[in-house]
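Chain by chain, the residues:
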Amino acid sequence: MASANTSWSEENFSCPICLDVFSSPVSTPCGHNFCGTCINKYWDEQVQCKCPVCNKIFDARPDPQVNILVSEMADLFRTTVRVKEQPCFEPGEVPCDVCTGTQLKAVKSCLVCLISYCQTHLERHQRVAVLKKHRLVEPMDRLEDRMCKKHDRLLELFCQTEQECVCQYCTETDHKSHPVVPLKEEYEVKTALLRKIVAEVQQMIRERKLKIKEIKDTVEFSKKDADGEIADGGQVFTALMRRVEKCRDDFNQTVKERLKTTEKQAEDLIKELEQEIEDLTNRSSEVKPLSHTKDHLHFLQAFRSLKDPPPTRDWTTVEVRPPSYAGTLRRTLDQLEETLNMEMKKPPVAELKRVQQYEVDVTLDPDTAYHRLILSEDGKQVHDGGVRKRLPDNPKRCTEYTCVLTRQSFSSGRFYFEVQVKDKAAWRLGVARESINRRGGTGLTPEMGYWTLSYYKNRLEFKDNPVVPLPLRAGLQKVGVFVDYDEGLVSFYDVEARVPIYSATGCTFTEPLYPIFHPGSHQEGRNSAPLIISPVNQTD
(Lines give C-alpha, C1' and ligand atoms only; values in the text may rest on other atoms or scores of the structure.)
Protein backbone atom coordinates (compact mmCIF):
# COMPACT_ATOMS: atom_id res chain seq x y z
CA MET A 1 0.00 0.00 0.00
CA ALA A 2 1.26 3.49 -0.82
CA SER A 3 2.34 5.63 2.06
CA ALA A 4 -0.31 7.70 3.72
CA ASN A 5 -0.93 11.20 2.41
CA THR A 6 0.59 13.43 5.00
CA SER A 7 -1.97 16.12 4.15
CA TRP A 8 -4.64 13.96 5.74
CA SER A 9 -5.64 15.16 9.18
CA GLU A 10 -6.55 13.23 12.28
CA GLU A 11 -10.23 13.93 11.56
CA ASN A 12 -10.10 11.61 8.55
CA PHE A 13 -9.28 8.70 10.86
CA SER A 14 -11.14 9.71 14.05
CA CYS A 15 -14.09 7.91 15.55
CA PRO A 16 -17.15 10.28 15.71
CA ILE A 17 -17.89 8.96 19.22
CA CYS A 18 -14.54 9.00 21.05
CA LEU A 19 -12.91 11.49 18.64
CA ASP A 20 -9.69 9.45 18.81
CA VAL A 21 -7.94 7.60 15.96
CA PHE A 22 -9.91 4.49 15.01
CA SER A 23 -9.31 1.35 17.03
CA SER A 24 -10.65 -1.83 15.27
CA PRO A 25 -12.99 0.25 13.06
CA VAL A 26 -16.31 -1.21 11.89
CA SER A 27 -18.88 0.08 9.37
CA THR A 28 -22.65 0.43 9.89
CA PRO A 29 -25.18 -0.39 7.12
CA CYS A 30 -25.42 3.36 6.47
CA GLY A 31 -21.70 3.49 5.64
CA HIS A 32 -20.30 5.33 8.67
CA ASN A 33 -17.24 4.09 10.53
CA PHE A 34 -16.74 3.81 14.32
CA CYS A 35 -14.47 2.07 16.78
CA GLY A 36 -16.00 -1.38 17.35
CA THR A 37 -16.06 -0.81 21.13
CA CYS A 38 -17.52 2.70 20.86
CA ILE A 39 -20.50 1.80 18.59
CA ASN A 40 -21.41 -1.30 20.59
CA LYS A 41 -21.27 0.65 23.88
CA TYR A 42 -23.34 3.41 22.31
CA TRP A 43 -26.06 0.97 21.15
CA ASP A 44 -26.05 -0.71 24.58
CA GLU A 45 -27.23 2.56 26.09
CA GLN A 46 -29.96 3.29 23.44
CA VAL A 47 -33.56 2.04 23.27
CA GLN A 48 -33.41 2.01 19.44
CA CYS A 49 -30.29 1.33 17.44
CA LYS A 50 -29.46 4.32 15.25
CA CYS A 51 -26.40 5.82 13.63
CA PRO A 52 -24.77 8.44 15.85
CA VAL A 53 -23.85 10.47 12.71
CA CYS A 54 -26.92 10.39 10.43
CA ASN A 55 -29.47 9.19 13.03
CA LYS A 56 -30.69 6.42 10.71
CA ILE A 57 -32.76 4.00 12.75
CA PHE A 58 -32.26 0.28 12.25
CA ASP A 59 -35.11 -2.16 12.79
CA ALA A 60 -32.73 -4.72 14.22
CA ARG A 61 -29.36 -4.20 15.81
CA PRO A 62 -26.79 -4.45 13.00
CA ASP A 63 -23.80 -6.72 13.19
CA PRO A 64 -21.10 -4.27 12.11
CA GLN A 65 -18.18 -5.78 10.26
CA VAL A 66 -14.55 -4.79 10.46
CA ASN A 67 -13.67 -2.25 7.80
CA ILE A 68 -10.33 -3.67 6.68
CA LEU A 69 -9.43 -0.71 4.51
CA VAL A 70 -10.13 1.89 7.18
CA SER A 71 -8.36 -0.26 9.79
CA GLU A 72 -5.22 -0.49 7.67
CA MET A 73 -5.29 3.20 6.86
CA ALA A 74 -5.75 4.10 10.53
CA ASP A 75 -2.84 1.88 11.53
CA LEU A 76 -0.68 3.40 8.84
CA PHE A 77 -1.71 6.90 9.87
CA ARG A 78 -0.98 6.12 13.50
CA THR A 79 2.58 5.06 12.66
CA THR A 80 3.45 7.64 10.01
CA VAL A 81 1.57 10.78 10.94
CA ARG A 82 2.18 12.39 14.30
CA VAL A 83 -0.90 13.41 16.09
CA LYS A 84 -0.80 17.02 17.25
CA GLU A 85 1.22 17.02 20.46
CA GLN A 86 -0.62 17.72 23.69
CA PRO A 87 0.80 17.55 27.21
CA CYS A 88 0.25 14.29 29.07
CA PHE A 89 -1.08 14.47 32.62
CA GLU A 90 1.42 14.74 35.43
CA PRO A 91 1.21 13.15 38.90
CA GLY A 92 -1.44 15.00 40.90
CA GLU A 93 -3.37 15.99 37.75
CA VAL A 94 -6.62 14.39 36.58
CA PRO A 95 -6.33 12.23 33.41
CA CYS A 96 -8.86 12.24 30.57
CA ASP A 97 -11.26 9.28 30.92
CA VAL A 98 -11.87 9.05 27.15
CA CYS A 99 -8.29 8.81 25.84
CA THR A 100 -7.57 5.19 24.88
CA GLY A 101 -3.88 5.59 24.05
CA THR A 102 -1.70 7.98 25.98
CA GLN A 103 -3.95 9.66 28.54
CA LEU A 104 -3.91 13.44 28.37
CA LYS A 105 -4.58 15.92 31.10
CA ALA A 106 -8.26 16.62 31.72
CA VAL A 107 -9.33 20.25 31.50
CA LYS A 108 -12.94 19.78 32.67
CA SER A 109 -15.10 17.19 34.43
CA CYS A 110 -18.78 16.73 33.59
CA LEU A 111 -21.06 16.20 36.59
CA VAL A 112 -23.75 14.72 34.36
CA CYS A 113 -21.61 12.26 32.42
CA LEU A 114 -19.32 11.72 35.44
CA ILE A 115 -16.38 11.77 33.01
CA SER A 116 -13.30 13.97 32.80
CA TYR A 117 -12.29 15.29 29.35
CA CYS A 118 -9.12 16.58 27.77
CA GLN A 119 -9.36 19.60 25.48
CA THR A 120 -9.91 17.42 22.40
CA HIS A 121 -12.64 15.20 23.85
CA LEU A 122 -14.38 18.19 25.48
CA GLU A 123 -15.21 19.51 21.98
CA ARG A 124 -18.62 17.78 21.75
CA HIS A 125 -19.74 19.36 25.06
CA GLN A 126 -18.89 22.73 23.56
CA ARG A 127 -20.58 21.99 20.23
CA VAL A 128 -23.62 19.78 20.79
CA ALA A 129 -26.61 21.70 22.17
CA VAL A 130 -27.75 18.96 24.56
CA LEU A 131 -24.25 18.49 25.96
CA LYS A 132 -23.81 22.23 26.43
CA LYS A 133 -26.40 22.02 29.20
CA HIS A 134 -24.20 19.64 31.23
CA ARG A 135 -22.50 21.12 34.26
CA LEU A 136 -18.76 21.35 33.74
CA VAL A 137 -16.37 21.89 36.66
CA GLU A 138 -12.65 21.95 37.23
CA PRO A 139 -11.11 18.47 36.76
CA MET A 140 -11.89 16.04 39.57
CA ASP A 141 -10.75 12.45 40.05
CA ARG A 142 -13.05 9.68 41.30
CA LEU A 143 -16.16 11.57 40.24
CA GLU A 144 -18.43 8.71 41.35
CA ASP A 145 -17.24 9.14 44.93
CA ARG A 146 -17.93 12.88 44.77
CA MET A 147 -21.59 12.43 44.00
CA CYS A 148 -24.37 12.03 46.57
CA LYS A 149 -25.64 8.46 46.32
CA LYS A 150 -29.14 9.56 47.27
CA HIS A 151 -29.62 12.70 45.14
CA ASP A 152 -26.99 12.21 42.43
CA ARG A 153 -25.62 15.67 43.12
CA LEU A 154 -22.14 16.93 43.84
CA LEU A 155 -21.01 16.65 47.45
CA GLU A 156 -19.96 20.25 48.00
CA LEU A 157 -21.07 20.92 51.60
CA PHE A 158 -20.13 19.52 55.01
CA CYS A 159 -22.61 18.76 57.80
CA GLN A 160 -20.97 19.65 61.13
CA THR A 161 -23.55 17.69 63.11
CA GLU A 162 -23.18 14.36 61.31
CA GLN A 163 -19.59 15.07 60.27
CA GLU A 164 -20.18 14.01 56.67
CA CYS A 165 -20.14 15.48 53.17
CA VAL A 166 -23.59 16.34 51.73
CA CYS A 167 -25.10 17.85 48.58
CA GLN A 168 -27.39 20.88 48.35
CA TYR A 169 -30.50 18.66 48.30
CA CYS A 170 -29.38 16.97 51.55
CA THR A 171 -29.51 20.34 53.33
CA GLU A 172 -33.18 20.63 52.39
CA THR A 173 -34.11 17.11 53.60
CA ASP A 174 -32.21 14.91 56.08
CA HIS A 175 -29.83 17.67 57.19
CA LYS A 176 -32.31 20.55 57.10
CA SER A 177 -31.68 21.69 60.70
CA HIS A 178 -27.98 20.91 60.74
CA PRO A 179 -25.25 23.54 60.42
CA VAL A 180 -23.41 23.11 57.11
CA VAL A 181 -20.37 24.85 55.64
CA PRO A 182 -18.62 24.68 52.25
CA LEU A 183 -16.13 21.85 51.90
CA LYS A 184 -13.29 24.32 51.54
CA GLU A 185 -14.09 25.97 54.85
CA GLU A 186 -14.26 22.64 56.69
CA TYR A 187 -11.16 21.50 54.82
CA GLU A 188 -9.22 24.46 56.22
CA VAL A 189 -10.45 23.67 59.76
CA LYS A 190 -9.60 19.99 59.46
CA THR A 191 -6.21 20.62 57.84
CA ALA A 192 -5.36 22.99 60.71
CA LEU A 193 -6.41 20.27 63.14
CA LEU A 194 -4.40 17.72 61.16
CA ARG A 195 -1.34 19.96 61.31
CA LYS A 196 -1.78 20.13 65.08
CA ILE A 197 -2.12 16.33 65.26
CA VAL A 198 0.97 15.89 63.08
CA ALA A 199 2.89 18.32 65.31
CA GLU A 200 1.72 16.46 68.42
CA VAL A 201 2.65 13.11 66.90
CA GLN A 202 6.08 14.45 65.93
CA GLN A 203 6.52 15.77 69.48
CA MET A 204 5.51 12.36 70.87
CA ILE A 205 8.01 10.72 68.51
CA ARG A 206 10.75 13.10 69.70
CA GLU A 207 9.83 12.42 73.32
CA ARG A 208 9.98 8.67 72.76
CA LYS A 209 13.31 8.96 70.98
CA LEU A 210 14.59 10.93 73.97
CA LYS A 211 13.20 8.23 76.25
CA ILE A 212 15.01 5.58 74.18
CA LYS A 213 18.23 7.60 74.54
CA GLU A 214 17.56 7.95 78.27
CA ILE A 215 17.03 4.20 78.61
CA LYS A 216 20.14 3.44 76.55
CA ASP A 217 22.16 5.93 78.64
CA THR A 218 20.85 4.26 81.79
CA VAL A 219 21.90 0.83 80.47
CA GLU A 220 25.32 2.21 79.50
CA PHE A 221 25.70 3.79 82.92
CA SER A 222 24.56 0.54 84.52
CA LYS A 223 27.20 -1.35 82.55
CA LYS A 224 29.91 1.01 83.79
CA ASP A 225 28.47 0.78 87.30
CA ALA A 226 28.47 -3.02 87.05
CA ASP A 227 32.07 -3.03 85.81
CA GLY A 228 33.07 -0.86 88.78
CA GLU A 229 31.15 -3.09 91.16
CA ILE A 230 32.75 -6.23 89.71
CA ALA A 231 36.19 -4.63 90.00
CA ASP A 232 35.57 -3.64 93.62
CA GLY A 233 34.07 -7.03 94.37
CA GLY A 234 37.09 -8.68 92.78
CA GLN A 235 39.39 -6.79 95.11
CA VAL A 236 37.33 -7.77 98.14
CA PHE A 237 37.10 -11.42 97.15
CA THR A 238 40.80 -11.50 96.31
CA ALA A 239 41.58 -10.12 99.77
CA LEU A 240 39.18 -12.64 101.32
CA MET A 241 40.78 -15.52 99.42
CA ARG A 242 44.20 -14.36 100.54
CA ARG A 243 42.94 -14.38 104.12
CA VAL A 244 41.49 -17.87 103.69
CA GLU A 245 44.70 -19.14 102.11
CA LYS A 246 46.77 -17.60 104.90
CA CYS A 247 44.58 -19.20 107.56
CA ARG A 248 44.83 -22.52 105.74
CA ASP A 249 48.62 -22.20 105.55
CA ASP A 250 48.80 -21.22 109.24
CA PHE A 251 46.59 -24.19 110.16
CA ASN A 252 48.72 -26.58 108.11
CA GLN A 253 51.89 -25.13 109.64
CA THR A 254 50.52 -25.53 113.18
CA VAL A 255 49.61 -29.18 112.57
CA LYS A 256 52.96 -29.90 110.93
CA GLU A 257 54.92 -28.25 113.75
CA ARG A 258 53.07 -30.33 116.34
CA LEU A 259 53.77 -33.46 114.33
CA LYS A 260 57.40 -32.42 113.97
CA THR A 261 57.72 -31.95 117.74
CA THR A 262 56.32 -35.42 118.33
CA GLU A 263 58.64 -36.90 115.72
CA LYS A 264 61.65 -35.14 117.30
CA GLN A 265 60.69 -36.46 120.75
CA ALA A 266 60.32 -39.99 119.39
CA GLU A 267 63.61 -39.72 117.54
CA ASP A 268 65.48 -38.62 120.69
CA LEU A 269 63.97 -41.44 122.73
CA ILE A 270 64.81 -43.99 120.07
CA LYS A 271 68.41 -42.78 120.00
CA GLU A 272 68.61 -43.05 123.75
CA LEU A 273 67.11 -46.56 123.65
CA GLU A 274 69.46 -47.62 120.91
CA GLN A 275 72.43 -46.30 122.92
CA GLU A 276 71.31 -48.30 125.97
CA ILE A 277 70.85 -51.37 123.78
CA GLU A 278 74.38 -50.93 122.48
CA ASP A 279 75.75 -50.53 126.01
CA LEU A 280 73.81 -53.55 127.22
CA THR A 281 74.98 -55.57 124.27
CA ASN A 282 78.58 -54.74 125.14
CA ARG A 283 77.92 -55.67 128.74
CA SER A 284 76.45 -58.97 127.60
CA SER A 285 79.55 -59.62 125.49
CA GLU A 286 81.72 -59.14 128.59
CA VAL A 287 79.83 -61.39 130.93
CA LYS A 288 78.79 -64.12 128.57
CA PRO A 289 82.25 -65.88 128.37
CA LEU A 290 82.55 -65.72 132.14
CA SER A 291 79.23 -67.44 132.56
CA HIS A 292 80.63 -70.55 130.85
CA THR A 293 83.84 -70.97 132.98
CA LYS A 294 84.06 -73.84 135.49
CA ASP A 295 87.25 -72.59 137.13
CA HIS A 296 86.25 -71.22 140.47
CA LEU A 297 89.37 -69.20 141.01
CA HIS A 298 89.33 -67.72 137.58
CA PHE A 299 85.61 -66.97 137.72
CA LEU A 300 85.92 -65.12 141.02
CA GLN A 301 89.03 -63.16 139.94
CA ALA A 302 87.36 -62.18 136.60
CA PHE A 303 84.00 -61.33 138.17
CA ARG A 304 85.79 -58.98 140.53
CA SER A 305 87.29 -57.11 137.62
CA LEU A 306 83.94 -56.61 135.84
CA LYS A 307 82.97 -52.95 135.29
CA ASP A 308 79.82 -51.54 136.76
CA PRO A 309 76.81 -51.87 134.42
CA PRO A 310 75.97 -48.76 132.38
CA PRO A 311 73.22 -46.55 133.81
CA THR A 312 69.76 -47.12 132.24
CA ARG A 313 66.43 -45.40 132.44
CA ASP A 314 63.26 -46.91 133.74
CA TRP A 315 61.30 -47.06 130.50
CA THR A 316 58.10 -48.36 132.02
CA THR A 317 56.74 -44.84 132.43
CA VAL A 318 58.18 -43.41 129.23
CA GLU A 319 55.80 -42.98 126.27
CA VAL A 320 55.40 -40.83 123.15
CA ARG A 321 52.00 -39.25 123.14
CA PRO A 322 50.53 -38.45 119.71
CA PRO A 323 49.88 -34.71 119.24
CA SER A 324 46.36 -33.51 119.88
CA TYR A 325 44.77 -31.42 117.12
CA ALA A 326 41.48 -31.00 118.90
CA GLY A 327 40.28 -27.39 118.65
CA THR A 328 43.02 -26.40 116.23
CA LEU A 329 40.68 -26.23 113.26
CA ARG A 330 37.93 -24.59 115.32
CA ARG A 331 40.30 -21.89 116.59
CA THR A 332 41.56 -21.33 113.06
CA LEU A 333 38.00 -21.02 111.73
CA ASP A 334 37.08 -18.62 114.52
CA GLN A 335 40.09 -16.51 113.68
CA LEU A 336 39.18 -16.69 109.98
CA GLU A 337 35.59 -15.62 110.74
CA GLU A 338 36.83 -12.63 112.72
CA THR A 339 39.22 -11.69 109.95
CA LEU A 340 36.56 -12.05 107.26
CA ASN A 341 34.12 -9.96 109.26
CA MET A 342 36.68 -7.22 109.57
CA GLU A 343 37.47 -7.47 105.87
CA MET A 344 33.81 -7.38 104.85
CA LYS A 345 33.19 -4.29 106.94
CA LYS A 346 35.74 -2.43 104.88
CA PRO A 347 33.85 -0.49 102.17
CA PRO A 348 34.77 -0.84 98.50
CA VAL A 349 37.06 1.98 97.57
CA ALA A 350 34.71 3.42 94.94
CA GLU A 351 31.38 2.91 96.77
CA LEU A 352 30.98 6.48 98.04
CA LYS A 353 32.16 7.90 94.75
CA ARG A 354 29.49 5.94 92.90
CA VAL A 355 26.62 7.08 95.10
CA GLN A 356 27.87 10.68 94.94
CA GLN A 357 26.99 10.61 91.24
CA TYR A 358 23.33 10.80 92.29
CA GLU A 359 23.77 14.19 93.95
CA VAL A 360 20.62 16.35 94.08
CA ASP A 361 20.31 20.03 94.86
CA VAL A 362 17.95 20.42 97.82
CA THR A 363 16.92 23.53 99.72
CA LEU A 364 15.08 23.89 103.02
CA ASP A 365 11.38 24.77 102.97
CA PRO A 366 10.59 27.56 105.52
CA ASP A 367 6.89 26.61 105.45
CA THR A 368 7.80 23.32 107.17
CA ALA A 369 10.29 24.69 109.74
CA TYR A 370 9.71 24.44 113.49
CA HIS A 371 9.04 27.79 115.22
CA ARG A 372 12.51 28.16 116.75
CA LEU A 373 14.51 27.26 113.66
CA ILE A 374 16.48 29.86 111.74
CA LEU A 375 17.12 29.19 108.02
CA SER A 376 19.70 30.89 105.84
CA GLU A 377 18.50 32.94 102.87
CA ASP A 378 19.78 30.37 100.38
CA GLY A 379 17.96 27.56 102.22
CA LYS A 380 21.17 25.61 102.82
CA GLN A 381 21.67 26.09 106.61
CA VAL A 382 19.51 25.63 109.70
CA HIS A 383 20.01 25.96 113.45
CA ASP A 384 17.89 26.42 116.57
CA GLY A 385 17.76 30.10 117.51
CA GLY A 386 16.45 29.33 120.98
CA VAL A 387 13.51 31.76 120.63
CA ARG A 388 10.02 30.77 119.54
CA LYS A 389 8.85 32.88 116.57
CA ARG A 390 5.28 33.84 115.68
CA LEU A 391 4.71 32.15 112.32
CA PRO A 392 1.60 31.62 110.13
CA ASP A 393 -0.30 28.44 110.86
CA ASN A 394 0.67 26.14 108.01
CA PRO A 395 -0.46 22.49 107.72
CA LYS A 396 3.00 21.66 106.37
CA ARG A 397 4.79 23.00 109.46
CA CYS A 398 6.47 20.65 111.96
CA THR A 399 5.15 21.69 115.39
CA GLU A 400 6.30 18.77 117.57
CA TYR A 401 9.91 18.17 116.55
CA THR A 402 12.67 20.75 115.97
CA CYS A 403 13.01 19.86 112.30
CA VAL A 404 12.54 21.15 108.76
CA LEU A 405 11.95 19.42 105.41
CA THR A 406 13.18 20.34 101.94
CA ARG A 407 11.17 21.86 99.12
CA GLN A 408 12.10 18.91 96.92
CA SER A 409 10.64 15.41 97.18
CA PHE A 410 11.52 12.16 95.42
CA SER A 411 9.20 9.35 94.31
CA SER A 412 11.55 7.11 92.36
CA GLY A 413 15.15 6.47 91.40
CA ARG A 414 18.21 7.34 93.49
CA PHE A 415 19.34 10.55 95.18
CA TYR A 416 22.22 11.67 97.41
CA PHE A 417 23.06 14.75 99.46
CA GLU A 418 25.68 15.71 102.06
CA VAL A 419 25.28 17.60 105.33
CA GLN A 420 27.99 19.19 107.47
CA VAL A 421 27.56 18.30 111.17
CA LYS A 422 30.84 19.78 112.39
CA ASP A 423 30.90 21.35 115.90
CA LYS A 424 27.39 20.15 116.76
CA ALA A 425 26.46 18.51 120.06
CA ALA A 426 23.28 16.92 118.71
CA TRP A 427 21.61 16.40 115.34
CA ARG A 428 19.39 14.06 113.37
CA LEU A 429 19.02 13.79 109.60
CA GLY A 430 17.73 11.45 106.90
CA VAL A 431 14.46 11.20 104.95
CA ALA A 432 10.77 11.15 105.82
CA ARG A 433 7.65 10.26 103.87
CA GLU A 434 5.18 12.97 102.93
CA SER A 435 2.37 11.82 105.23
CA ILE A 436 4.30 12.01 108.54
CA ASN A 437 2.37 13.45 111.47
CA ARG A 438 3.90 16.94 111.73
CA ARG A 439 1.83 18.01 114.74
CA GLY A 440 2.13 15.12 117.18
CA GLY A 441 4.77 12.91 118.73
CA THR A 442 4.61 9.54 117.01
CA GLY A 443 8.23 8.40 117.21
CA LEU A 444 10.88 8.95 114.57
CA THR A 445 11.02 5.35 113.35
CA PRO A 446 10.62 3.79 109.88
CA GLU A 447 7.22 2.49 110.98
CA MET A 448 6.13 6.11 111.46
CA GLY A 449 7.73 7.21 108.18
CA TYR A 450 11.22 8.35 109.32
CA TRP A 451 14.61 6.90 108.33
CA THR A 452 17.14 8.97 110.27
CA LEU A 453 20.64 8.88 111.75
CA SER A 454 20.92 10.52 115.19
CA TYR A 455 23.77 11.90 117.29
CA TYR A 456 23.17 12.89 120.93
CA LYS A 457 25.25 12.70 124.13
CA ASN A 458 28.15 11.08 122.27
CA ARG A 459 25.88 8.31 120.98
CA LEU A 460 25.45 7.57 117.31
CA GLU A 461 22.42 5.49 116.36
CA PHE A 462 19.87 4.69 113.68
CA LYS A 463 16.40 5.44 114.97
CA ASP A 464 14.39 2.23 114.78
CA ASN A 465 12.35 0.10 117.12
CA PRO A 466 14.54 -0.98 118.82
CA VAL A 467 17.24 1.64 118.29
CA VAL A 468 20.34 0.45 116.37
CA PRO A 469 23.47 1.67 118.26
CA LEU A 470 26.44 2.40 116.03
CA PRO A 471 30.16 2.77 116.73
CA LEU A 472 30.97 6.39 117.47
CA ARG A 473 33.14 7.77 114.69
CA ALA A 474 35.86 10.12 115.85
CA GLY A 475 35.98 13.37 113.90
CA LEU A 476 32.69 12.85 112.07
CA GLN A 477 32.24 16.16 110.24
CA LYS A 478 30.10 15.47 107.19
CA VAL A 479 27.39 12.87 106.61
CA GLY A 480 26.29 11.63 103.19
CA VAL A 481 22.73 10.34 102.73
CA PHE A 482 21.94 8.02 99.81
CA VAL A 483 18.47 6.67 98.96
CA ASP A 484 17.54 4.08 96.35
CA TYR A 485 13.75 4.47 96.28
CA ASP A 486 13.05 1.46 94.08
CA GLU A 487 15.38 -0.87 96.00
CA GLY A 488 14.16 0.30 99.42
CA LEU A 489 17.63 1.38 100.62
CA VAL A 490 18.75 4.25 102.87
CA SER A 491 22.52 4.53 103.51
CA PHE A 492 24.58 6.96 105.59
CA TYR A 493 28.30 7.68 104.98
CA ASP A 494 31.17 9.33 106.79
CA VAL A 495 32.21 11.55 103.88
CA GLU A 496 35.64 12.54 105.18
CA ALA A 497 36.62 8.94 105.98
CA ARG A 498 34.78 7.72 102.85
CA VAL A 499 33.27 4.77 104.72
CA PRO A 500 29.66 3.70 105.32
CA ILE A 501 28.08 4.28 108.72
CA TYR A 502 24.84 2.30 108.36
CA SER A 503 22.43 1.01 105.71
CA ALA A 504 18.72 0.35 106.22
CA THR A 505 17.63 -2.27 103.71
CA GLY A 506 14.26 -3.73 102.77
CA CYS A 507 12.49 -0.41 103.30
CA THR A 508 9.04 0.06 101.79
CA PHE A 509 8.43 3.39 100.04
CA THR A 510 4.93 4.10 98.69
CA GLU A 511 4.84 7.89 98.65
CA PRO A 512 7.19 10.86 98.09
CA LEU A 513 10.23 11.13 100.37
CA TYR A 514 11.58 14.44 101.73
CA PRO A 515 15.08 14.98 103.16
CA ILE A 516 14.60 15.97 106.81
CA PHE A 517 16.94 17.98 109.09
CA HIS A 518 16.83 18.15 112.88
CA PRO A 519 19.62 20.49 114.12
CA GLY A 520 18.84 19.74 117.79
CA SER A 521 17.93 22.19 120.51
CA HIS A 522 20.03 25.30 121.19
CA GLN A 523 21.32 24.03 124.58
CA GLU A 524 22.24 27.55 125.73
CA GLY A 525 24.68 27.97 122.87
CA ARG A 526 26.37 24.58 123.16
CA ASN A 527 24.62 23.41 119.96
CA SER A 528 24.33 26.66 118.02
CA ALA A 529 26.33 25.46 114.99
CA PRO A 530 24.10 24.93 111.93
CA LEU A 531 23.47 21.88 109.83
CA ILE A 532 24.80 22.83 106.39
CA ILE A 533 23.75 21.25 103.09
CA SER A 534 27.11 21.01 101.33
CA PRO A 535 27.98 20.63 97.66
CA VAL A 536 29.41 17.22 96.83
CA ASN A 537 33.13 17.00 96.15
CA GLN A 538 33.83 13.74 94.29
CA THR A 539 37.61 14.16 94.29
CA ASP A 540 39.26 11.12 95.85
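Residues numbered from 1 in each chain as written. Predicted model: local features only at pLDDT ≥ 70, side-chain atom pairs only at ≥ 80, totals over all residues. Heavy atoms only, no water.

Novice: For this particular structure, what's the right way to read unusual backbone geometry?
Specialist: Look at the link from asparagine 465 to proline 466: it is a cis peptide, with omega at 5°. Note on placement: proline 466 falls in the loop between strand E16 (459-462) and strand E17 (468-470). The phi dihedral of serine 24 is positive, around 50°, even though this residue is not glycine. Structurally, serine 24 can be placed in the segment before strand E1 (25-27). If you check the backbone angles, asparagine 55 has positive phi at about 60° while not being a glycine. Relative to the helices and strands, asparagine 55 is located in the loop between helix H1 (36-44) and strand E3 (65-66). (Helix = DSSP H or I, 4+ residues; strand = E, 2+ residues; numbered from the N terminus.)

Novice: Please clarify how the side chain of lysine 380 should be interpreted in this entry.
Specialist: When you line up the elements, lysine 380 lands in the loop between strand E10 (373-375) and strand E11 (381-384). Every residue in contact with lysine 380, bar those within four places of it in the chain, is listed here: Asp361, Val362, Thr363, Leu364, Leu531, Ile532 and Ile533. (Contact = heavy atoms within 4.5 Å.)

Novice: Looking at this structure, how should I read the pattern of salt bridges?
Specialist: Pairing of side chains with opposite charge becomes possible as their charged atoms draw close. This model, assessed by the stated rule, comprises 26 salt bridges. Residues glutamate 123 and arginine 127 are paired through a salt bridge, measuring 2.4 Å at the closest nitrogen-oxygen approach. In this pair, glutamate 123 and arginine 127 are both assigned in helix H3 (residues 123-127), four residues apart and thus about one turn of the helix distant. On the basis of relative accessible area, glutamate 123 is assigned to the partly exposed category, the value being 30%. Glutamate 461 is the salt-bridge partner of lysine 463, the closest N and O atoms lying 3.4 Å from each other. Taking the relative accessible area as the measure of exposure, lysine 463 reaches 18% and is therefore buried. A residue is classified by how much of its surface remains accessible, and glutamate 461, at 12% relative accessible area, is buried. Here the salt bridges share partners, and the residues they tie into one network are Asp141, Arg142 and Arg146. (Salt bridge = Lys/Arg side-chain N within 4 Å of Asp/Glu carboxyl O. Buried < 20%, exposed > 50% of the residue type's maximum accessible area, 1.4 Å probe, protein only.)

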